[in-house]
Amino acid sequence: MEEQKKIKKIGVLTSGGDAPGMNAAIRAVVRTGRYFDLNVIGIRKGYNGLINGEIKEMYSRDVSNVMNLGGTILHTARCPEMMTTEGLDKAAAIYKILSLDALIVIGGDGSYRGMAELAKRGVNCVGIPATIDLDMNNTEYTIGFDTAVNTGMDALNKLRDTSSSHERCSVVEVMGRDAGYIAVWCGMVGGAEDVMFPEEKDTIDSKEVIQQILANRSTGKRHNLIVVAEGVGGTQKLAKDIQEITGIQTRATILGHLQRGGSPTATDRMHASMMGYYAVKALLEGRENIVIAYNKGQYEVLDLFEALDMKKSLDKEIYDVVKILSI
Ligand code: F6P
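Just so you know, these numbers come straight off a predicted model, no measurement behind them.

## Quick word on the domain arrangement of the protein chain
When the domains of the protein chain are assigned, the result is domain 1 (9-144 + 264-309) and domain 2 (146-260). Centre-to-centre separation of domain 1 and domain 2, based on C-alpha positions: 34 Å. Counting residues at the interface gives 14 residues for domain 1 and 12 residues for domain 2. A salt bridge links D18 to R260; the nearest nitrogen and oxygen atoms lie 2.7 Å apart. Put simply, domain 1 and domain 2 have eight residue pairs in polar contact (both at pLDDT 80 or more) between them. Of the residues in the side of domain 1 that touches domain 2, the class split is five nonpolar, four polar and five charged.

## Here we look at the side chain of R34
With respect to the element layout, R34 can be found in helix α1 (residues 22-35). Among the polar contacts made by the side chain of R34, one reaches the main-chain carbonyl oxygen of L38 at a distance of 3.5 Å.

## Digging into the packing of aromatic side chains
One pass over the structure, following the stated rule, counts seven aromatic pairs. Ring geometry for F145 against W185: centres 5.3 Å apart, planes inclined by 85 degrees, an arrangement best described as edge-to-face. Pair noted here: F145 is in helix α5 (residues 145-166) and W185 is in helix α6 (residues 181-189), with a separation of 40 residues, a long-range link. W185 gets classed as partly exposed once you look at its relative accessible area, which sits at 37%. On the numbers, 5.1 Å between centres and 70 degrees between planes, the contact of F197 with Y319 is edge-to-face. Of the two residues, F197 is situated in the loop between β7 (194-196) and α7 (206-218) and Y319 in helix α11 (residues 316-325); the sequence distance between them amounts to 122 residues. The same class applies to F197 and to Y319, which are both buried.

## Observations concerning the packing of helix α3 (residues 85-97) against helix α4 (residues 109-120)
For the pair α3 and α4, the least separation of the axes is 9 Å and the interaxial angle reads 70 degrees. As summarised for this structure, α3 and α4 are arranged roughly perpendicular, according to the angle between their axes. Every pair of crossing elements has a handedness; the one defined by α3 and α4 is right-handed. Facing L88, A91 and A92 of α3, the residues of α4 in contact are G114, E117 and L118. For the contact of α3 with α4, a count of residues per class yields four nonpolar, one polar and one charged.

## Considerations on the site of the ligand
The immediate surroundings of the ligand are formed by G17, R78, I132, D133, M175, G176, R177, E230, H257 and R260. In this structure, an oxygen atom belonging to the ligand sits 2.9 Å away from a side-chain N or O atom of R78. Interatomic distance of 3.1 Å between a backbone N/O atom of G176 and an oxygen atom of the ligand. Expressed as a share of its isolated accessible area of 390 Å², the protein-covered part of the ligand is 80%. Each residue belonging to the shell around the ligand can be placed in one class, and the counts come to two nonpolar, three polar and five charged. The residue makeup of the shell around the ligand includes at least three contributed by each of domain 1 (9-144 + 264-309) and domain 2 (146-260).

## Brief notes about the sheet that holds strand β10 (residues 290-295)
Spatial ordering of the open sheet is given by β3-β2-β1-β4-β5-β10-β11, a layout of seven strands whose pairing is mixed. The strands lining the two open edges of the sheet, one partner per strand, are β3 (55-58) and β11 (298-303). Recorded for the sheet is a direction-independent mean angle of 25 degrees between the axes of neighbouring strands. Summarising the sheet, β10 and β11 pair through six bridges and their orientation is antiparallel.

## Thoughts on the sheet that holds strand β8 (residues 224-229)
Spatially, the four strands line up as an open sheet ordered β7-β8-β6-β9, and their pairing is parallel. Two strands bound the open sheet, and with one partner strand each, they are β7 and β9 (250-254). Ignoring which end each strand starts from, the neighbouring axes of this sheet average 20 degrees apart. Note: β7 against β8, three bridges, orientation parallel. Bridging across to β8, M196 finds its partner in V228. Relative to the sheet, α5 contacts β6 (169-174), β8 and β9, its axis offset from that of β8 by approximately 145 degrees.

## Thoughts on the layout of surface pockets
Counted as a void, the largest pocket has a volume near 750 Å³. Among the elements that line the lining of the largest pocket, the one with the most residues is α4, at six residues. Partitioned by chemical class, the residues of the lining of the largest pocket number eight nonpolar, 10 polar and 11 charged. Composition of the lining of the largest pocket by domain shows at least three residues from each of domain 1 (9-144 + 264-309) and domain 2 (146-260).

Thresholds, definitions, all that
Residues numbered from 1 in each chain as written. Predicted model: local features only at pLDDT ≥ 70, side-chain atom pairs only at ≥ 80, totals over all residues. Heavy atoms only, no water. Domains from an automatic or database assignment. Contact = heavy atoms within 4.5 Å. Salt bridge = Lys/Arg side-chain N within 4 Å of Asp/Glu carboxyl O. Polar contact = N/O pair within 3.5 Å; in protein donor to acceptor, adjacent residues only side chain to side chain. Nonpolar A, V, L, I, M, F, W, Y, C, P; charged D, E, K, R; others polar. Helix = DSSP H or I, 4+ residues; strand = E, 2+ residues; numbered from the N terminus. Phe/Tyr/Trp six-rings, centres within 6.5 Å; stacked < 30°, edge-to-face > 60°. Buried < 20%, exposed > 50% of the residue type's maximum accessible area, 1.4 Å probe, protein only. Axes fitted to C-alpha atoms, helices over the stretch in contact; angles between N-to-C directions. Parallel < 35°, antiparallel > 145°, perpendicular 65-115°, else oblique. Left-handed = near helix turned anticlockwise from the far one by under 90°. Near = heavy atom within 4 Å. Areas by Shrake-Rupley, 256 points an atom, 1.4 Å probe, with all protein chains shown as cover. Pairing = 2+ DSSP bridges. 1 Å grid on protein atoms, 1.4 Å probe; cavity = no way out; pocket = protein on both sides within 12 Å on 5 of 7 lines; lining within 4 Å. Points joined across faces, edges and corners; volume = space filled by probe spheres on them.

Written as C-alpha cells, this is what we have:
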C-alpha cells in the first residue's frame, strides 16, 4: 500500500466574489492548522496571489478579531489567468516551489473549476463553499448567503416603512446574476408580493405582476413590494411601467454590492468555522482533492470531481408560497 503523505504545509486563499464569513473560515483554517502543528501560508488576492507569489506565513494571532468582519483579510479577485493553460501551469508550479502539501480555496463555483484544473496538475485542493448566491450544486449551504439575505430583509423592512407611508410601490433589485436564491428568500422573509428570478427569466410576464398589484390594491393593500434578481434586470423599466399603467407612484431601489458586505450572521460564522475545521481535518486524515459541503444537516467531505458533476435546483415551492402569502 502506498504510504500516506504527511501534511506539513498548507496554503489558503479566498477567490471570486467576497462573502461575509470568509474571515471566519480563514480563522478556522489557520487556527486548526496551527493546533495540529502545520505551517499555514496565507495567499493574497485569490489565485492571482498564487501566480504572483504574494504570500505570508499565518499564525493564530494573525486571525484575531476577524470573526466579526465582512470582506476577506486575504483580499480576493476574479483571475482571468486561471482560464489559460499558461496561468494554470504557473499556479501549479508556484505551489510546488512553495512546497505546499495542499491548497485550501474558499470561494464559489468558478473558484472550484480553477481547483479542478490545478488538481489535474498535481495540486492537492480542498474547497470551502463561499458565495452569497447559494448557487453551488454540491452543497445546501454556502458561506455568506444568510448575511446577504438578512441585509436584503433589512432593506425591505425599511422600504416597506416608506412605501407604506406614501402608499407607493417599491421595486427592489437584489443580487444574483444567474441564481434566484437570494431573491426568493428575500421575497419570502421581506413579505414581497412577487419575485422575479433568473431561473424563470424566459417566462416572466410583467403584466402578471401589474395585475397582482392591482388585485391587491382592490382588496385594501396600500403599498406594494416587488423583488427582482439582478440577473433578470430591467428594474428601473419595471418601476416605470408599473407607475404608468397603474398610476401608483413607484420607486426602484438597487441594493447591488451592499449585499456582499457587512458583519457575518451567527449562521455564517458557524458554518465557516466548522467548514474551515473540517477542511484541515480531512487533509490530516489523508483525503486529497475534496470539497467540504453541508447537506441534510451534516457536514460532508466530497470528492472534488464528483462534487462538480452534482446538480441542484432552486426549490420553486418557496416562490409558490411567497405568492400564496402575498394576497
Ligand atoms: O459573488 C456573487 C455575486 O455577488 C453575484 O450575485 C453578482 O452577480 C456578482 O457576484 C457580481 O460580481 P462582481 O462583484 O464581480 O461585479
